[in-house]
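Listed below, chain by chain, are the residues.
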Amino acid sequence: MSKRTVCKFGGSSVADAGQFKKIKAIVESDKNRKVIVVSAPGKRNPKETKLTDLLYSTYDLASKGLDFSTPWNLIRERYNEICNELGLENKLTEDLDSLEDKLKNHPESVTIDFLVSRGEFLCARLMAKYLGANFVDTFPLITFDDKYRIVPKTYDDIAKALSDENQLYVLPGFYGSNLRGEVKTFSRGGSDITGAILANGIDAQKYENWTDVSGMLMADPRIVENPLPIEYVSYREIRELAYSGASVLHDESIAPCRVKKIPINIRNTNRPEDAGTIIGPTPEKALRPITGVAGRKGFSMIYIEKSMMNKEVGFGRRVLAVLESEGLSYELCPSAIDSMSIVVDSKALEAVQNTVLEDITQQMRPDRIKVFPGIALIATVGHGMTNKIGVAAKLFTALADNNVNVRIIDQGSSQINIITGVDEADTEKAIRSIYTAFMN
Ligand code: ASP
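Note that the structure is predicted; figures quoted are calculated from it, not measured. (Residues numbered from 1 in each chain as written. Predicted model: local features only at pLDDT ≥ 70, side-chain atom pairs only at ≥ 80, totals over all residues. Heavy atoms only, no water.)

## Focus on the layout of surface pockets
- Counted as a void, the second largest pocket has a volume near 440 Å³.
- Around the second largest pocket, the lining comprises 23 residues; the ones closest to its centre are K8, G11, S39, K50 and G189.
- When contributions to the lining of the second largest pocket are tallied by element, the ones reaching two or more residues are α7 (191-201) and β7 (206-211).
- Along the lines of polarity and charge, the residues of the lining of the second largest pocket split into four nonpolar, twelve polar and seven charged. (1 Å grid on protein atoms, 1.4 Å probe; cavity = no way out; pocket = protein on both sides within 12 Å on 5 of 7 lines; lining within 4 Å. Points joined across faces, edges and corners; volume = space filled by probe spheres on them. Helix = DSSP H or I, 4+ residues; strand = E, 2+ residues; numbered from the N terminus. Nonpolar A, V, L, I, M, F, W, Y, C, P; charged D, E, K, R; others polar.)

What follows is the structure, given as structure tokens:
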């Protein structure tokens, strides 16, 4: 393992010249911070549009042959301002001029992924100049196959391209290339994934993800008053929490670090003195009885009942095959002797609900099938719950004492999570009661 740390700075961390200066101070304060990944400039205030969104709007207009000057000029202004305020010679004008020319005269020659990736590309070029670092493009380094899987040679290519341990490198996040050599972006927020892949490629000692919050909290502060910060969360726990909507990190950025046990540290660019949250391997001993509680609304439950279901071999498989053929993924599937419930995202179900219900009815001949919308899933997560007697009792007593009706119960066999399905209207009450029961 190298001693190097990969640092990824998100959109708010590169939003203006002032933020660039903070990054310089952060990078210079630790000699191990050698590989820097940047997003495109984000919002400077809540009303502003992120540069990536301006690029999407530009593409939308240009590809229809419409005037794209409004978003495009804002993009130019953002970069000009950063250059001017940092006293950097503006070398981006040429790139922007030639791109503008193409968009005006040959819009078909510019793909959406290419245009949008320029947000990160230009930002990384500026940052490299400002830090006096080497700019390395991620385009030829990170290669995806047609199913968006990273091809193994990516990791060797990264190790080679960033081999000099004494050099400072700056790379753009958010994109790579496909097997045909075209620029391809990740899903939104994907610079987090770039940082994780680079950390894996150079065997980094740490992956720091710099954003505008000092890590994660044990619960949503809009719901629970002053929740405690999470100092440490395992890779497994964070997956469970992310699934319920509590994440500060793109969920696909965990796996590349997890396989090499590289700790991920969420840090705040505006408060670098804060230690933030560390995401790492399963701890020997949990710090707290639970690590976090999170909830997400917007689920529906497809309830299927059939007498002697448990004797019908392949029943579950065939039901799930119907969902698969409609491209519907499911979150949970608790079952009983003569019934099964499948919890799915309500929005995703909406489009295919009639077909799914008809197909299941035709193929499985259930005694009853019904959809219950308006469900929220609450995940209570923590290694501290494993092999502890009375955890479930405490959780359900808290819900009962606060008049929350539990619709679904699911405990993973690893015992690090208990998921409860409640009516959406009870979400906040449920989260508050569980947090208070375990933390007081
Ligand atoms: N700029 C991209 C986005 O806004 C990627 C990123 O910031 O991670 O989604």
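Back to the text.
## Notes on the nonpolar core
- F9, F20, I36, W72, L131 and L162 are the most contacted members of the largest nonpolar core, which has 111 residues in total.
- If one sorts the elements of this core by residue count, helix α5 (residues 112-131) sits on top with eleven residues.
- Excluding residues that lie within four positions of it along the chain, F9 makes contacts with V14, I23, I26, V27, I36, V37, V38, S39, W210 and T269.
- Counting residues in each nonpolar core, the second largest holds 18 residues, with F315, V319, V352 and V371 among its members. (Core = buried A, V, L, I, M, F, W, Y, C linked by side-chain atoms within 4.5 Å. Buried < 20%, exposed > 50% of the residue type's maximum accessible area, 1.4 Å probe, protein only. Contact = heavy atoms within 4.5 Å.)

## Quick word on the site of the ligand
- Residues in close proximity to the ligand include S39, K50, T52, E120, F174, R188, G189, G190 and S191, which together make up its full environment.
- At 2.9 Å, a side-chain N or O of K50 approaches an oxygen atom of the ligand.
- Separating an oxygen atom of the ligand from a backbone N or O atom of G189 is a distance of 2.8 Å.
- Here the ligand loses 96% of its free accessible area of 270 Å² to cover by the protein chains.
- Taken atom by atom, the bulk of the ligand overlaps the second largest pocket.
- For the shell around the ligand, the residue count by class is one nonpolar, five polar and three charged. (Near = heavy atom within 4 Å. Polar contact = N/O pair within 3.5 Å; in protein donor to acceptor, adjacent residues only side chain to side chain. Areas by Shrake-Rupley, 256 points an atom, 1.4 Å probe, with all protein chains shown as cover. Sits in = over half its atoms within 2 Å of the grid points.)

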